[in-house]
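# Descriptive structure summary
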Amino acid sequence: MSSRAPNINRSRVHEKMVQKLAVEKLPDAERTLFPTIRELLCFAALLGYSEHRRLPLDKKRGVEDISYQQFERVDAEDLIYLIALAETQDPEILKEGEESHCAEIFEEYVNGGLQIIKEAMNRFGGEYPDRDILELLKGRGFLNTDEGNYDLSGISF
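Please read all numbers here as calculations on a predicted model, not as lab measurements. Residue numbers restart at each chain and count upward from 1, following the sequence in its written direction. The model is predicted, so local features are restricted to residues of pLDDT at least 70 and side-chain atom pairs to those at 80 or more, both for listing and for counting; the totals for chains, interfaces and linings are taken over all residues. Processing note: side-chain calculations cover all non-hydrogen atoms of the structure and skip hydrogens and water entirely.

### Things to note about the environment of N122
In this structure, N122 sits in helix α5 (residues 99-124). Accessible area is worked out with a 1.4 Å probe on protein chains only. A residue is then buried under 20% of its type maximum, exposed over 50%, and partly exposed in between. With a relative accessible area of 60%, N122 lands in the exposed category. Sequence separation of N122 and D132 is ten residues, and the distance between their C-alpha atoms is 8.8 Å. Here a helix means four or more residues in a row that DSSP labels H or I, a strand means two or more in a row labelled E, and each is numbered from the N terminus.

### A few points about helix α6 (residues 129-139)
Within the sequence span of α6, burial applies to P129, D130, D132, I133, L134, L136 and L137. Residue contacts are counted whenever heavy atoms from the two residues lie within 4.5 Å of one another. Considering only its buried residues, α6 is in contact with α1 (15-22), α2 (37-50) and α5. G141 occupies a position one or two residues after α6 and carries a positive phi of about 80°.

### Overview of the pairing of strand β1 (residues 8-11)
Neither face of β1 is exposed, since I8 and R10 on one face and N9 and S11 on the opposite face are all buried. Sheet analysis places β1 next to strand β2 (residues 63-66), joined by four bridges and oriented antiparallel. Note on β2: the bridge partner recorded for I8 is I66. At least two bridges found by DSSP between two strands are what make those strands a pair.

The values are spatial; any link to function lies outside them.
Here's what the structure looks like:
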């Protein structure tokens, strides 16, 4: 949209989990669950939106940010505007000058999604975050549970 688009913030409350999911390698694997923090944030925003979990960031507890350019490079910025449009159901949100409002909506759904993931990891143990997230998605009806066994090697976010 505009070169004035703000950086995307995430709460430091979830930073340990963010590092575990997008920086640290999975147990018994040579890869991280999410290839970048950006992909994790996009996943969390979609999860938060699908579960109607929009939580404002508590800036007193601190935030980390990602340059908006990271979202522009791979067309992930479209997701920011799509979520804002779906939330407001007002095309005016896409006008020049509304970038900060769109970013805020996205950040709040990211925060809600990260909270959902954190709850799932606490419930399922957290040692194997890939399995915890699969259980979360199965439990919410996002995955077909008829198969029962999941090969994670081909999944990428």
